[in-house]
Amino acid sequence: MERVTPLAARLRLAPEDGKLPEAFRRRKPGHACAFSFGVPGFPPWSGPFIPVNAPSDAGLDIIVPAVDQWTLALVDACERFPGPDANRPWTADVKGPAGGFVVARGTGPIVMIACGSDASPFLAVASDMARTGDRRRAVFLWSARTRDDLAGLDALTAAGKPAVLTIPILSGDPLWTGRRGAVDEAALRELAAPELADAGTGFWLSAPAEELRRLSRVLRQLGVGMGRVHARRVPGRD
């Protein structure tokens, strides 16, 4: 476990016997898994997460944002992980992978847009592209309020030239020196002009429902057919 922002932790899980089941080795970026946690001193808790690491890795990495009392306590527990009692391990039962929000490999340029703190599918895509050497054009526009909402951003830029051009766009961070505002028509024209001009570009959106509707309107105004747009609604994480 490591804290990646004040209100989010990255968990790295490995199978107890060292062998990742075949189903998880076959997962694709964007597939979700159901996690049931057994943490000493914590009540049981279950929830879905999209692993953010490449499918070819030997384990599963997830980012857990503090969105309720249980996840806030888990993030706060990072500093004392794994605890003083080796006979009481931290465990998780994992089922999956499943879900349809999967970015296919090597099928043309992609523009990924996340609005809010949950960009897990696109972190997985970036990790997979870096691991496989995928060289297609890929732009990731990450809209959030402050830098504390960009859990996982450091991993995108940690190793040399990233596989995905990642541009954070913040709306409420007074010390931010990068792009400000929102993912709107002007931002897309400026930051993704070649992709907009390419009829083979796919657009992938991960945001709360209201933002999905706004982004769909923006893309229609830019002449993008809705058949090229893939959307994932993020419940309660805006």
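Structure report, in brief. (Residues numbered from 1 in each chain as written. Predicted model: local features only at pLDDT ≥ 70, side-chain atom pairs only at ≥ 80, totals over all residues. Heavy atoms only, no water.)

Once that is clear, we can look at the layout of surface pockets. Taken as a whole, the largest pocket holds about 680 Å³ of empty space. Around the largest pocket, the lining comprises 28 residues; the ones closest to its centre are Leu13, Ala14, Trp90, Thr91 and Ala92. Among the elements that line the lining of the largest pocket, the one with the most residues is strand β6 (residues 91-98), at 4 residues. In terms of residue class, the lining of the largest pocket is built from 19 nonpolar, 2 polar and 7 charged. (1 Å grid on protein atoms, 1.4 Å probe; cavity = no way out; pocket = protein on both sides within 12 Å on 5 of 7 lines; lining within 4 Å. Points joined across faces, edges and corners; volume = space filled by probe spheres on them. Helix = DSSP H or I, 4+ residues; strand = E, 2+ residues; numbered from the N terminus. Nonpolar A, V, L, I, M, F, W, Y, C, P; charged D, E, K, R; others polar.)

Here the focus is empty space enclosed by the protein. Scanning the model with the defined rule gives 2 cavities of 30 Å³ or more in all. Size it by volume and the second largest cavity reaches roughly 50 Å³. The wall of the second largest cavity is formed by Pro29, Val103, Ala104, Arg105, Val125, Asp128, Met129, Asp134 and Arg136. Looking at the lining of the second largest cavity, its residues break down into 5 nonpolar, no polar and 4 charged.

Moving on to the side chain of Asp118. Mapped onto the fold, Asp118 is located in the loop between β7 (110-115) and α3 (120-132). The exposure class of Asp118 is buried, given its relative accessible area of 8%. At 3.2 Å, the side chain of Asp118 and the backbone nitrogen of Ser120 are in polar contact. A distance of 3.3 Å separates a polar atom in the side chain of Asp118 from a polar atom in the side chain of Arg232. (Buried < 20%, exposed > 50% of the residue type's maximum accessible area, 1.4 Å probe, protein only. Polar contact = N/O pair within 3.5 Å; in protein donor to acceptor, adjacent residues only side chain to side chain.)

The next subject is the pattern of salt bridges. Inspection of the entire model under this criterion finds 16 salt bridges. The partner of Arg12 in a salt bridge is Asp61, and the shortest N-O contact between them spans 3.4 Å. Separated by 49 residues along the polypeptide, Arg12 in strand β2 (residues 8-13) and Asp61 in strand β5 (residues 60-65) bring together distant segments of the chain. Overall, the relative accessible area of 10% leaves Asp61 in the buried class. Here Glu190 and Arg179 are joined by a salt bridge, their closest N and O atoms 2.7 Å apart. (Salt bridge = Lys/Arg side-chain N within 4 Å of Asp/Glu carboxyl O.)

Ordered by their spatial adjacency, 3 strands build an open sheet running β1-β2-β5, and the pairing between neighbours is antiparallel. The open sheet has two edge strands with one neighbour each: β1 (2-5) and β5. Ignoring which end each strand starts from, the neighbouring axes of this sheet average 30° apart. Pairing geometry for β1 and β2, over 3 bridges, is antiparallel. (Pairing = 2+ DSSP bridges. Axes fitted to C-alpha atoms, helices over the stretch in contact; angles between N-to-C directions.)

Turning our attention to the environment of Ala9. Relative to the helices and strands, Ala9 resides in strand β2. For Ala9, a relative accessible area of 0% corresponds to the buried category. In this structure, the C-alpha to C-alpha distance between Ala9 and Ala187, residues 178 residues apart in sequence, is 30 Å. Apart from residues lying up to four places away in sequence, Ala9 is in contact with Glu2, Arg3, Val4, Ile62, Ile63, Val64, Val75 and Cys78. (Contact = heavy atoms within 4.5 Å.)

Let us look at the packing of aromatic side chains. Tallied over the full model, the rule gives 14 aromatic pairs. With a centroid separation of 5.0 Å and an interplanar angle of 90°, the aromatic rings of Phe81 and Trp90 are classed as edge-to-face. A residue is classified by how much of its surface remains accessible, and Phe81, at 36% relative accessible area, is partly exposed. Using a relative accessible area of 22% as the deciding quantity, one classes Trp90 as partly exposed. (Phe/Tyr/Trp six-rings, centres within 6.5 Å; stacked < 30°, edge-to-face > 60°.)

Further remarks concern the state of the cysteines. Per the counting criterion, the structure on display carries 0 disulfides. Here Cys78 is not cross-linked by a disulfide; its sulfur's nearest cysteine counterpart is in Cys33, at 20 Å. (Disulfide = S-S within 2.5 Å.)

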